[in-house]
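Listed here are the chains, written in short residue letters.
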Amino acid sequence: MLDIDITIVGAGVIGLAVAAELADHRRQVYVLERNERFGLETSSRSSEVIHSGIYYPPGSLKATTCVKGNALIYELCDKYEIGCKRLGKLIVATDNQEVEELEMLLDRGRENGVKGLKMLSGREIKAVEPNVEALAGILSPFTGIIDSYGLMRYFAGKAQEKGASVVYKSEVVGIDKVSDGYKVTVADDSGIFSFKTAVVINCAGLSSDRVAALAGVDMIQAGYKLHYCKGEYFSVGRDKGGLVKRLVYPVPERKGAGLGIHVSLNLEGRMLLGPNARYLDRIDYRVDEAQRVGFAYSVKRFLPFIEPEDLEPEMAGIRPKLQGSGDEFRDFVITEESHRGLPGLINLIGIESPGLTGAPTIAQLVSGMVRGLI
Ligand SMILES: Cc1cc2nc3c(=O)[nH]c(=O)nc-3n(C[C@H](O)[C@H](O)[C@H](O)COP(=O)(O)OP(=O)(O)OC[C@H]3O[C@@H](n4cnc5c(N)ncnc54)[C@H](O)[C@@H]3O)c2cc1C
């Protein structure tokens, strides 16, 4: 049986960032991906926003990896010519209760260490975004957008340059604890084979709860069971795409599963509305056209120029959420499982937003865990 040092399950942005961080010519690092290319699941179905870290409870992994990741991502983009734009973002209030909630969000963002946040009055918002209606808003100047494919290509290239192998069409179907590591079983075009590895890093996105279970973790008892939460997007046509210059978000609902349907802009300048948040039992990326009117009316209070006829179904992504519908906040799980009798197994579960932004920091965190193992 082939012996390798580190096996990473999944070539989304997280698995690739981890591989880029850990690859080293002195050890064998393999990334196994069931699809034929990297990033075909959640990592290519996001808003591609470089978040600043306002929303998450202080001290949580979501807050810390996002705030640090925001700065790291801009550095990577500058250095390696990955497409990005620091557009800035507004979170807008349209009634007095929302204005109070904005104050709380501003405090939270500052406590999280988000730079440059500023409260704007309705008049100040009009001066910068004449087509946005709001009583007040938070300006977050360091929020931006990124070419997520370009970021993944960079991580994959860096990992391979440093000696790692990224292997496609290879699904991990078994992980068995053996005396000094794990026997990993893989299904590929040629059949089924196994090898031995010292460390397994589970970056399997929507399947990460099941991959943890393959290794013997009771996902219910561990609190790792994932809930699928779909986010659909509509594009805005009819020449209205240029009517805002920044990302514009509503105040999020308390205990909401997402940040609220908002305006994002992609690097080509196209305007998208989304994502909504709908829990579902199975993976289904179809966009329900019947949502068109609901989408238009949910943003009309702050973007009065939007009409249902402007919207065309665009795409959908699915969040791997630990938080079920109506549940309290759940943080990312990033943990080495020695305490469960599974040393050398590192699980990353529930890596929903802001996972794209946090990817380089999450990779550093995982690298620190590996340092103590091999
Ligand atoms: C609608 C939506 C909008 C979002 N917007 C943002 C945003 O604007 N900003 C932000 O920072 N984050 C955002 N996110 C979150 C971000 O997209 C994710 O956190 C990130 O992409 C997760 O990456 P990943 O590598 O963990 O998962 P994935 O990209 O899903 O990768 C996991 C990989 O594992 C592979 N895999 C699974 N099981 C196996 C197996 N058994 N064997 C081999 N391979 C396997 C899969 O094929 C997949 O390629 C958004 C997410 C969604 C759904």
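You'll find the structure just up there.
Overview of the structure. Residues take numbers from 1 onward in each chain, read along the sequence in its written order. Local features in this predicted model are restricted to residues of pLDDT 70 or higher, and side-chain atom pairs are both shown and tallied only at a pLDDT of 80 or more, whereas totals for entire chains, interfaces and linings draw on every residue. To obtain the side-chain values, all non-hydrogen atoms of the structure were included, while hydrogens and water were left out.

**Quick word on a negative patch on the surface**
Spelled out, the test is: Like-charged residues within 9 Å of one another, or nonpolar side chains (Val, Leu, Ile, Met, Phe, Trp, Tyr) within 5 Å, are grouped into patches, provided each residue has over 30% relative accessible area and no salt bridge. Note on areas: these come from Shrake-Rupley sampling with a 1.4 Å probe, and a residue is covered only by the protein chains present in the view. By salt bridge we mean one thing: a side-chain nitrogen of Lys or Arg within 4 Å of a carboxyl oxygen of Asp or Glu. For this count, His and the chain ends are skipped, Lys and Arg are scored as positive, and Asp and Glu as negative. Charge coordinates come from a single atom per side chain, which is NZ of Lys, CZ of Arg, CG of Asp or CD of Glu. The secondary structure listing takes helices from DSSP runs of H or I that are at least 4 residues long and strands from runs of E that are at least 2 residues long, numbered from the N terminus. We call a residue buried when its accessible area falls under 20% of the maximum for its residue type, exposed when it is over 50%, and partly exposed in between, using a 1.4 Å probe and counting protein chains only.
Taken together, the side chains of E100, E103, D107 and E111 define an acidic patch exposed on the protein surface. In this fold, E111 is placed in helix α3 (residues 96-111). In this structure E111 comes out as exposed when scored by relative accessible area, which is 61%.

**Regarding the nonpolar core**
What counts here: Here the nonpolar core consists of buried residues drawn from Ala, Val, Leu, Ile, Met, Phe, Trp, Tyr and Cys, with membership extended through side-chain atoms lying within 4.5 Å. By definition, residues are in contact when any of their heavy atoms lie within 4.5 Å.
In this structure, I91, V244, L273, L303 and I306 are the most contacted members of the largest nonpolar core, which totals 46 residues. Broken down by element, the residue count for this core peaks at four residues, all from strand β5 (residues 89-93). Excluding residues that lie within four positions of it along the chain, I91 makes contacts with I54, Y55, L102, L105, A136, G137, I138, Y249, P250 and V251. Among the nonpolar cores identified, the runner-up in size contains 44 residues, and C77, I201, V366 and V370 belong to it.

**Re the packing of helix α2 (residues 61-80) against helix α5 (residues 148-161)**
Using the following cut-off: Between N-to-C directions, angles span 0 to 180 degrees; the directions come from axes that are lines fitted to C-alpha atoms, helices contributing only their stretch in contact. Any angle that is under 35 degrees is reported as roughly parallel, and any over 145 degrees as roughly antiparallel; angles of 65 to 115 degrees are reported as roughly perpendicular and all others as oblique.
Two elements in contact, α2 and α5, have axes whose closest approach is 11 Å; the angle formed by their N-to-C orientations is 75 degrees. In terms of orientation, α2 and α5 fall into the roughly perpendicular class. On the side of α2, the interface is formed by I73, L76 and Y80, while α5 contributes L151, Y154 and F155.

**Things to note about the pattern of salt bridges**
Summed over the entire model, instances satisfying the criterion amount to 20 salt bridges. The partner of K196 in a salt bridge is D180, with the nearest N and O atoms 3.0 Å apart. With K196 in strand β12 (residues 191-202) and D180 in the loop between β10 (171-178) and β11 (181-188), this pair connects stretches of sequence that are 16 residues apart. As a salt-bridge pair, R278 and E232 come within 3.1 Å of each other at their nearest N and O atoms. One end of the pair, R278, is in strand β17 (residues 278-280); the other, E232, is in strand β13 (residues 227-236), and 46 residues separate them in sequence. The partly exposed category is assigned to R278, whose relative accessible area is 32%. Residue E232 is classed as buried on the basis of its relative accessible area, which comes to 0%. Because the salt bridges share partners, they merge into one network encompassing D3, D180 and K196.

**Overview of the sheet that holds strand β4 (residues 84-85)**
Put simply, the rule is: For two strands to count as paired, DSSP must find a minimum of two bridges between them.
Read across the sheet, three strands follow the order β3-β8-β4 without closing on themselves; strand pairing throughout is antiparallel. The open sheet has two free edges, formed respectively by β3 (49-50) and β4, since each of these has just one partner strand.

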